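Observations on chain architecture
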Amino acid sequence: VILGAKGSGNTKELMKRINEAVAAENGSLVCIEKGSDLTYDVDYRVRLIDARDYGMEGYSFLKGFLAGLHGGNYDISHIFIDNLAKVSGVSSGEGMEDFLSWCSAFGEKNTVHFTIAISGDPEAAPEWIRNYL
């Protein structure tokens, strides 16, 4: 998890990690965002997905979507999510702990790494989220 206040450079850090993964990983890379802000910043080898195209609403939908992505392409080695609240459509922290736990278990079982940018104050972050920093 990349955690920082809005405007603190979360997306910039995500882009840095995407570029590192492009250079180091052999599998397929996926980046999910809401909108098309990263269209010209993400390397062409990374599958960029606009969450608006799929009507994503809630963590249950997002889990199913991610599982479906992997089911359709077992070569996915890394999934990046820019601004989890926007992508999931959930502005509160409700359900986030379960979602991050699911990503951790799913990633371990399927050899998929997740990097997720979340807007929030790192100092006020609950203990469960600090486990993913």
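None of these values were measured; they are calculated from a predicted model.

**Some thoughts on the overall build of the protein**
Helix and strand counts for the protein stand at five helices and five strands. Moving toward the C terminus, one meets the helices and strands of the protein in the order β-α-β-β-α-β-α-α-β-α. Reported as C-alpha extents along the three principal axes, the dimensions of the protein are approximately 35 × 25 × 25 Å. Taken across its 133 residues, the protein has 44% of its residues classed as buried. Contacts spanning at least 24 positions in sequence make up 65% of the contacts within the protein whose residues lie at least 6 apart. Carbon and sulfur atoms make up 47% of the accessible area of the protein, which amounts to about 7400 Å² in all.

**Concerning the environment of Lys6**
Mapped onto the secondary structure, Lys6 falls in the loop between β1 (2–4) and α1 (10–24). In the structure, Lys6 is positioned 114 residues away from Gly120 in sequence and 6.9 Å away in space, judged by C-alpha atoms.

**Side note on the packing of aromatic side chains**
For the coordinates displayed, the defined rule picks out five aromatic pairs. Summarising the aromatic geometry, the rings of Tyr54 and Phe65 are spaced 4.9 Å apart at their centres and angled 55° between planes, so their arrangement reads as tilted. Here Tyr54, found in the loop between β3 (46–50) and α2 (59–72), pairs with Phe65, found in helix α2; they are eleven residues apart in sequence, far enough to count as distant. Owing to a relative accessible area of 38%, Tyr54 belongs among the partly exposed residues under this scheme. Consider the rings of Phe99 and Trp102, whose centres lie 6.3 Å apart with planes at 20°: the pair is stacked. Of this pair, Phe99 and Trp102 are both found in helix α4 (residues 96–110), three residues apart, which corresponds to roughly one turn of the helix. What makes Phe99 buried here is its relative accessible area of 0%. By the ring-pair criterion, three or more aromatic residues cluster together here, those being Tyr59, Phe99, Trp102, Phe106 and Phe114.

Analysis parameters
- Residues numbered from 1 in each chain as written.
- Predicted model: local features only at pLDDT ≥ 70, side-chain atom pairs only at ≥ 80, totals over all residues.
- Heavy atoms only, no water.
- Helix = DSSP H or I, 4+ residues; strand = E, 2+ residues; numbered from the N terminus.
- Buried < 20%, exposed > 50% of the residue type's maximum accessible area, 1.4 Å probe, protein only.
- Contact = heavy atoms within 4.5 Å.
- Areas by Shrake-Rupley, 256 points an atom, 1.4 Å probe, with all protein chains shown as cover.
- Phe/Tyr/Trp six-rings, centres within 6.5 Å; stacked < 30°, edge-to-face > 60°.

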